[in-house]
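Residue-level structure breakdown
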Amino acid sequence: MKSMRKSDFPFEFILFLALISIAIAHRTLSRQGELPVYNPADLNPELVPKNLQRVGHGHTVADFKLINQNGATVTQEDYRDRIYVADFFFTRCPSICPVMTHNMEKLQRTFLKDTLVRLLSISVTPEMDSIPVLKKYAVRNGVIDGKWNVTTGDKRHIYELARQSYFAASDMGDGGLQDFIHTPNFVLVDMQKQIRGIYDGTDDGEIRRLIGDIRLLLDRPFP
């Protein structure tokens, strides 16, 4: 676990600046009754791979193949025509992940009866987070099957998703043994696989904003 002890300060500072800029754009459009669609060019360049920094339209979350807490395969098809919130976590995380998981459970309770809303948590330490480990974690945190997938999978695939699709990390890596991502981001994805908001999953005010934005998307699901 030695490789996980890098200072989080540079990332946290970059994330803070990114969230501020996103929030400003977000509030402007929210006053007009709609949410922005975020493309790589709209985000802090530090969070976006160089090959994507000039992409100003058409970005969608890439197809994925993961395994959930029940050993079932989870793909983009499971979220087809759904609004969902994605985050990246690991079960042994002693710092931000417990707060994030608590807030994901809060979202689950808030939208329990809304069949159009689902949740997706993706482990950044898949070599440690086996299916039995995820199942125990899911039971302990009140995860409801079908509503919230807590997943593992191939590390390189997961890290590519985090960096190329969800823009969760400021540092670039290859998804290898020493590579590690640690982010509080909650990412709101619409029915067309577009990013509609990025939030600090450890902040109560951000969670309230996210809840409001999900409700806004439910009222107007298409941009």
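In every chain, residue numbers begin from 1 and rise along the written sequence. Two thresholds apply to this predicted model, a pLDDT of at least 70 for residue-level local features and 80 or more for giving and counting side-chain atom pairs, whereas whole-chain, interface and lining totals are computed over all residues. Excluding hydrogens and water, the side-chain figures rest on all heavy atoms present in the structure.

Attention now goes to helix H4 (residues 155–165). Within H4, the full set of buried residues consists of Lys155, Ile158, Tyr159, Leu161, Ala162, Arg163 and Ser165. Contact between two residues is taken to exist if any of their heavy atoms lie within 4.5 Å; hydrogens are not considered. Only runs of H or I of at least four residues qualify as helices and only runs of E of at least two qualify as strands under DSSP, and these elements are numbered from the N terminus. The inward-facing, buried residues of H4 abut strand E1 (65–67), strand E3 (83–89), strand E4 (117–123) and strand E7 (195–200). Measuring from the backbone nitrogen of arginine 156 back to the side-chain oxygen at the start of H4 gives 3.2 Å, which picks out aspartate 154 as the cap. Think of it in three bands: with a 1.4 Å probe and only protein chains considered, a residue is buried below 20% of the maximum accessible area for its type, exposed above 50%, and partly exposed in between. Two N or O atoms count as a polar contact when they lie within 3.5 Å, although within protein this holds only if one can serve as hydrogen donor and the other as acceptor, and sequence-adjacent residues are included solely when both atoms are side-chain atoms.

This part covers the packing of aromatic side chains. The aromatic pairing rule takes the rings of Phe, Tyr and Trp, using the six-membered ring of Trp, and pairs them if the centres are within 6.5 Å, calling planes under 30 degrees apart stacked, those over 60 edge-to-face and the rest tilted. Under the counting rule described, the total for this entry stands at five aromatic pairs. Each residue in the set Phe64, Tyr79 and Tyr84 is aromatic and connected to the rest through ring pairs, giving one cluster. Here the basic side chain of lysine 155 rests over the ring of tyrosine 159, its NZ or CZ set 5.1 Å away from the ring centre. Sitting over a ring, as applied to charges here, requires NZ of Lys or CZ of Arg to be within 6 Å of the ring centre and within 35 degrees of the ring normal.

A pair is scored as a salt bridge if a Lys or Arg side-chain nitrogen falls within 4 Å of a carboxyl oxygen belonging to Asp or Glu. Using the criterion set out here, one finds six salt bridges in the structure. Among the salt bridges present, the one from arginine 80 reaches glutamate 77, with a minimum N-O distance of 3.5 Å. Comparing arginine 80 with glutamate 77 shows no difference in burial state: the two are exposed. Aspartate 145 is the salt-bridge partner of lysine 135, the closest N and O atoms lying 3.9 Å from each other. Of this pair, lysine 135 sits in helix H3 (residues 131–140) while aspartate 145 sits in the loop between H3 and strand E5 (148–151), placing them 10 residues apart in sequence. Note on lysine 135: relative accessible area 31%, which makes it partly exposed. Owing to a relative accessible area of 46%, aspartate 145 belongs among the partly exposed residues under this scheme.

Another aspect to go through is the nonpolar core. Core analysis: the biggest nonpolar cluster contains 57 residues, and Leu107 and Tyr166 have the highest contact counts within it. Ranked by the residues each element gives to this core, the list is headed by E3, at six residues. Not counting chain neighbours up to four residues away, the residues in contact with tyrosine 166 comprise Val61, Phe64, Tyr84, Ala86, Phe88, Leu120, Leu161, Val187, Val189 and Ile195. Definition of nonpolar core: a set of buried residues of the types Ala, Val, Leu, Ile, Met, Phe, Trp, Tyr and Cys, connected through side-chain atoms within 4.5 Å.

Before going further, it helps to examine unusual backbone geometry. Even without being glycine, aspartate 81 reaches a positive phi, approximately 60°. Looking at where aspartate 81 falls in the secondary structure, it is placed in the loop between strand E2 (73–75) and E3. Judged by its relative accessible area of 44%, aspartate 81 is partly exposed. One non-glycine residue, lysine 193, adopts positive backbone phi at about 70°. Its place among the elements puts lysine 193 in the loop between strand E6 (185–189) and E7. Lysine 193 sits in the partly exposed class, given a relative accessible area of 30%.

The next point concerns the environment of glutamine 76. One can find glutamine 76 in the loop between E2 and E3. Relative accessible area serves as the criterion here: at 9%, glutamine 76 is assigned to the buried category. In this structure, the C-alpha to C-alpha distance between glutamine 76 and lysine 193, residues 117 residues apart in sequence, is 8.8 Å. Once residues lying within four places of it in the same chain are set aside, the contact partners of glutamine 76 are Val61, Ala62, Asp63, Phe64, Tyr84 and Lys193.

Here, axes are lines fitted to C-alpha atoms. For helices the fit covers the stretch in contact, and angles between N-to-C directions go from 0 to 180 degrees. Helix H5 (residues 204–219) packs onto helix H2 (residues 96–110) with a crossing angle of 30° between their chain directions and a minimal axis gap of 11 Å. Handedness of the H2/H5 crossing: right-handed. In this structure, H2 uses Asn103, Lys106, Leu107 and Thr110 to contact H5, whose residues at the interface are Asp204, Ile207, Leu210, Ile211, Ile214 and Arg215. Across the contact of H2 with H5, the residue classes break down as five nonpolar, two polar and three charged. The handedness criterion is simple: a crossing whose near helix is rotated anticlockwise from the far helix by less than a right angle is left-handed, and one whose near helix is rotated clockwise is right-handed. Gly counts as polar in this scheme, as do all residues outside two lists: the nonpolar Ala, Val, Leu, Ile, Met, Phe, Trp, Tyr, Cys and Pro, and the charged Asp, Glu, Lys and Arg.

Let us look at the confidence of the model for the protein. Residues shown with low pLDDT carry predicted positions that ought not to be read at fine detail. Residues of the protein with pLDDT of at least 70 account for 81%, and the chain-wide mean is 87. Per-residue confidence from the prediction method is given by pLDDT, with values spanning 0 to 100. Between residues 1–7, whose pLDDT stays under 50, and residues either more than four places distant or in other chains, the model counts 10 contacts. Ignoring residues within four places in sequence, the model shows residues 28–32, a span with pLDDT below 50, making six contacts including any to other chains.

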